[in-house]
Amino acid sequence: ELPIQRVAVGFAGAPPIHQVERASGVSHVEIDGSVLRCVVCGSFQPFLEALRGYEVTSLHSTPTRATPKPGEG
């Protein structure tokens, strides 16, 4: 079973939503101002590569057992 993480990332500017949405294993991408929230399933590498070139001011990751349904936190 692949690890699933809920992730919240703060940026100095606008979050790279389109790059993150296209990253393998990433779903449920949401933006709240300069904070991007999503779910990462499996390797973090594609997600981290999508952040390249953007100034990250905070990053919080929480393990979860199941992928949330659309509209859930």
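A. Summary view of the pairing of strand β2 (residues 26-32). Where β2 meets strand β3 (residues 35-41), five bridges bridge the pair, whose relative direction is antiparallel. The residue of β3 that forms the bridge with S27 is V39. In textbook terms, the turn of a hairpin is the stretch between consecutive antiparallel strands, and for β2 and β3 this stretch comprises two residues, one of which, G33, has a positive phi near 65 degrees.

B. Representation of the nonpolar core in the model. Judged by nonpolar contacts, the single largest core of 13 residues is most densely connected at V20, V26, L36, C38 and F47. Elements with a minimum of two residues in this core: β1 (4-11), β2, β3 and α2 (45-50). Contacts of F47, omitting those with residues within four sequence positions, involve V7, V9, V20, A23, V26, L36, C38 and V40.

C. Local environment of the sheet that holds β1. Strand order in the open sheet formed by four strands is β2-β3-β1-β4, and the pairing between neighbours is antiparallel. The two strands at the open ends of the sheet, each matched to only one other strand, are β2 and β4 (56-64). Between one strand axis and the next, the sheet turns by 15 degrees as a mean value, whatever way the strands run. As judged from the eight bridges shared by β1 and β4, these two strands associate in the antiparallel manner.

Procedures and definitions
Residues numbered from 1 in each chain as written. Predicted model: local features only at pLDDT ≥ 70, side-chain atom pairs only at ≥ 80, totals over all residues. Heavy atoms only, no water. Pairing = 2+ DSSP bridges. Helix = DSSP H or I, 4+ residues; strand = E, 2+ residues; numbered from the N terminus. Core = buried A, V, L, I, M, F, W, Y, C linked by side-chain atoms within 4.5 Å. Buried < 20%, exposed > 50% of the residue type's maximum accessible area, 1.4 Å probe, protein only. Contact = heavy atoms within 4.5 Å. Axes fitted to C-alpha atoms, helices over the stretch in contact; angles between N-to-C directions.

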